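Reading the structure
For reference, the chains in residue letters:
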Amino acid sequence: MIATFDIGNSNIKIGVFDDDKLIQYARFATDTRKTSDEYGLQLINVFSYSDIDKTKITGAIMSSVVPSINFTIEHMLRTFLDVKTVIVGPGIKTGMNIFYENTWQLGADRIVTSVAAKELYSCPVIVVYFGTATTFNAVNKDGDFIGGAIMPGIKPSTDALVQKAARLPKIEFIDPGVAIGKSTVENMQTGVLNGFAGAVDNIVTNMKKEIEGNVTVIATGGMSTLIGPVSKTIDAVDSRLALEGLKLLYNKNTK
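Residues numbered from 1 in each chain as written. Predicted model: local features only at pLDDT ≥ 70, side-chain atom pairs only at ≥ 80, totals over all residues. Heavy atoms only, no water.

**Some remarks on the overall build of the chain**
The line we're drawing: Think of it this way: any DSSP run of H or I at least four residues long counts as a helix, any run of E at least two long counts as a strand, and we number them from the N terminus. All radius of gyration figures rest on C-alpha atoms, and the globule criterion is 2.2 Å times the number of residues raised to 0.38. Accessible area is worked out with a 1.4 Å probe on protein chains only. A residue is then buried under 20% of its type maximum, exposed over 50%, and partly exposed in between. By definition in these notes, contact holds between two residues if any of their heavy atoms fall within 4.5 Å. Accessible surface is estimated by sampling points in the Shrake-Rupley manner with a 1.4 Å probe; for residues, cover comes only from the protein chains shown. Neither His nor the chain ends is counted toward charge; the positive residues are Lys and Arg and the negative residues Asp and Glu. Just so you know, the charge point we use is NZ for Lys, CZ for Arg, CG for Asp and CD for Glu.
Along its length, the chain carries seven helices and ten strands. The C-alpha radius of gyration computed for the chain amounts to 19 Å, which stays within 12% of the reference 18 Å derived for 255 residues, consistent with globular compactness. Overall, the C-alpha framework of the chain stretches about 55 × 45 × 30 Å when taken along its three principal axes. For the chain, with 255 residues in total, the buried portion stands at 49%. Within the chain, contacts between residues separated by at least 24 positions form 59% of all contacts whose residues are at least 6 apart in sequence. Looking at the chain as shown, the accessible area adds up to about 12800 Å², and 50% of this sits on carbon and sulfur atoms. Averaging the locations of the 25 positively and 26 negatively charged side chains of the chain gives two centres separated by 3 Å.

What follows is the structure, given as structure tokens:
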């Protein structure tokens, strides 16, 4: 079995694969103050709850956009699982050409999801990743990563609005079912939902003009299930795309 770790600014997504089957999924809050022991105990509790024998974990792979936590997680994996960890970064085999001016600036999460999209869906493909930032990642018909776009994420943008506007409340991220809200909360919900869906559709539409072929658009990340159903350009929602990509990269770099 293989353990995969997708470390984002807000959450750490964890998956356990038995061959090609995802048998366990969990999320931890990303907290740079936690020790490797604290993360290790959390992980063991998850395994215990799911009846996963940690001695059967033979390897691990992690991608991270939070460099300050990388040593903590890697040390935890050595201590609690006794495995070496493949780290997504410069020099890793991806199976795809990456056309980007400064590849060291390219987020590991963007590489991972692009690799998964190339393998699991037809190219050309655009991956829209809804996280702390919303990223757009383009793979051409030859399976090459050719760049993309970055815009603010849904939750940070809404949090900033609430902090700056004294009378606006925090809201639950749901579809209110109407375009014209009848309360402040509904006004904010429909504004966030339709505003971000419209922004996504506009960016995707313009990106498609620069990509040859019939482009498939895949949404992933925490807010993908919110925006996906109302977007006019998103073809499918795959919330576990990053974990699938990590498993694919592990296989490419160990076999």
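Back to the text.
**Description of the sheet that holds strand S3 (residues 21-29)**
Where we set the bar: DSSP-based pairing: two strands are paired if at least 2 bridges between them are found. Here, axes are lines fitted to C-alpha atoms. For helices the fit covers the stretch in contact, and angles between N-to-C directions go from 0 to 180 degrees.
Spatial strand order, S3-S2-S1-S4-S5: five strands in an open sheet with mixed pairing. The open sheet has two edge strands with one neighbour each: S3 and strand S5 (85-87). For this sheet, the mean inter-axis angle between neighbouring strands, taken without regard to orientation, is 20 degrees. Inspection of the sheet shows strand S4 (residues 59-64) paired to S5 by three bridges, in the parallel sense. Considered in S5, the bridge of Ala 60 is made with Thr 85.

**Topic: the layout of surface pockets**
We count it as follows: Grid points spaced at 1 Å and placed over the protein atoms alone form the basis of the search, with a cavity being a set where a 1.4 Å probe fits but cannot get out and a pocket an open set showing protein on both sides within 12 Å along at least five of seven lines. Lining residues have an atom within 4 Å of a point. Grid points are joined across faces, edges and corners, and a volume is the space filled by probe spheres set on the points. Gly counts as polar in this scheme, as do all residues outside two lists: the nonpolar Ala, Val, Leu, Ile, Met, Phe, Trp, Tyr, Cys and Pro, and the charged Asp, Glu, Lys and Arg.
Considering only enclosed or pocket space, the largest pocket measures out at about 790 Å³ in volume. Looking at the largest pocket, it is lined by 38 residues, and the ones nearest its centre are Lys 13, Tyr 129, Phe 130, Gly 131 and Thr 132. Ranked by residue count, the leading element in the lining of the largest pocket is helix H4 (residues 154-164), at four residues. Classifying every residue of the lining of the largest pocket by side-chain character gives 15 nonpolar, 15 polar and eight charged. The space that makes up the second largest pocket amounts to roughly 380 Å³. Every element with two or more residues in the lining of the second largest pocket is listed here: S4, helix H2 (67-81) and helix H3 (108-120). Taken together, the residues of the lining of the second largest pocket sort by class into eleven nonpolar, eight polar and no charged.

**Notes on the environment of Asn 11**
Within the element layout of this structure, Asn 11 appears in strand S2 (residues 11-18). Sequence-wise, Asn 11 and Ile 98 are 87 residues apart; in three dimensions their C-alpha atoms are separated by 26 Å. Not counting residues up to four positions away in its chain, the partners in contact with Asn 11 are Asp 6, Arg 27, Phe 28, Ala 29 and Thr 30.

**Digging into the pairing of strand S8 (residues 145-152)**
The pairing of strand S7 (residues 133-139) with S8 spans seven bridges and is classified as antiparallel. Residue pairing across strands places Phe 136 opposite Ala 149, the latter belonging to S8. A loop of five residues connects S7 with S8, the two strands running antiparallel in sequence, and Gly 143 in this loop sits at a positive phi of about 85 degrees.

**Some details on helix H7 (residues 241-254)**
The criterion, for reference: By this rule the span expected of a helix is its residue count minus one, scaled by 1.5 Å.
Taking 1.5 Å as the rise per residue, H7 with 14 residues should run 20 Å; its terminal C-alpha atoms sit 20 Å apart, in good agreement. A large share of H7 lies buried, amounting to ten of its 14 residues. Inspection of H7 places Leu 241, Ala 242, Leu 243, Glu 244, Gly 245, Leu 246, Lys 247, Leu 248, Leu 249 and Tyr 250 among the buried residues, and these make up the whole buried set.

**What about the environment of Tyr 121?**
Note the following rule: Throughout this description, a polar contact denotes any pair of N or O atoms lying within 3.5 Å of each other; where both atoms belong to protein, one of them has to be capable of donating a hydrogen while the other can accept it, and for residues adjacent in sequence the pair is counted only when both atoms sit in side chains.
For Tyr 121, the location among the structural elements is in the loop between H3 and strand S6 (125-130). In sequence terms Tyr 121 and Thr 35 are 86 residues apart; their C-alpha atoms lie 38 Å from each other. Once residues lying within four places of it in the same chain are set aside, the contact partners of Tyr 121 are Ala 116, Ile 218, Asp 238 and Leu 241. Side chain to side chain, Tyr 121 and Asp 238 meet in a polar contact 2.8 Å long.

**Examining the packing of H4 against helix H5 (residues 184-208)**
Operational definition: Roughly parallel covers angles under 35 degrees, roughly antiparallel covers those over 145, roughly perpendicular covers 65 to 115, and oblique covers all other angles. A clockwise turn of the near helix away from the far one marks a right-handed crossing, whereas an anticlockwise turn of less than a right angle marks a left-handed crossing.
The N-to-C vectors of H4 and H5 enclose an angle of 140 degrees; their axes lie 12 Å apart at closest approach. Judged on the interaxial angle alone, H5 and H4 are oblique. Pair H4 / H5 crosses with right-handed handedness. Contact residues: H4 offers Ile 154, Ser 157, Thr 158, Leu 161 and Val 162, while H5 offers Met 188, Val 192 and Phe 196. Among the residues forming the contact of H4 with H5, the class breakdown is six nonpolar, two polar and no charged.

**Section: the pattern of salt bridges**
Put simply, the rule is: The rule for a salt bridge is simple: a side-chain nitrogen of Lys or Arg has to be within 4 Å of a carboxyl oxygen of Asp or Glu.
Applying the stated criterion to the full structure yields seven salt bridges. Its salt-bridge partner being Arg 33, residue Asp 31 comes within 3.1 Å of it at the nearest N-O pair. Owing to a relative accessible area of 17%, Asp 31 belongs among the buried residues under this scheme. Ionic pairing is found between Asp 159 and Lys 155, a salt bridge with its closest N-O pair at 3.0 Å. Here Asp 159 pairs with Lys 155, and both are found in helix H4, just four residues apart, close to one helical turn. Residue classification places Lys 155 among the partly exposed positions, given a relative accessible area of 44%.

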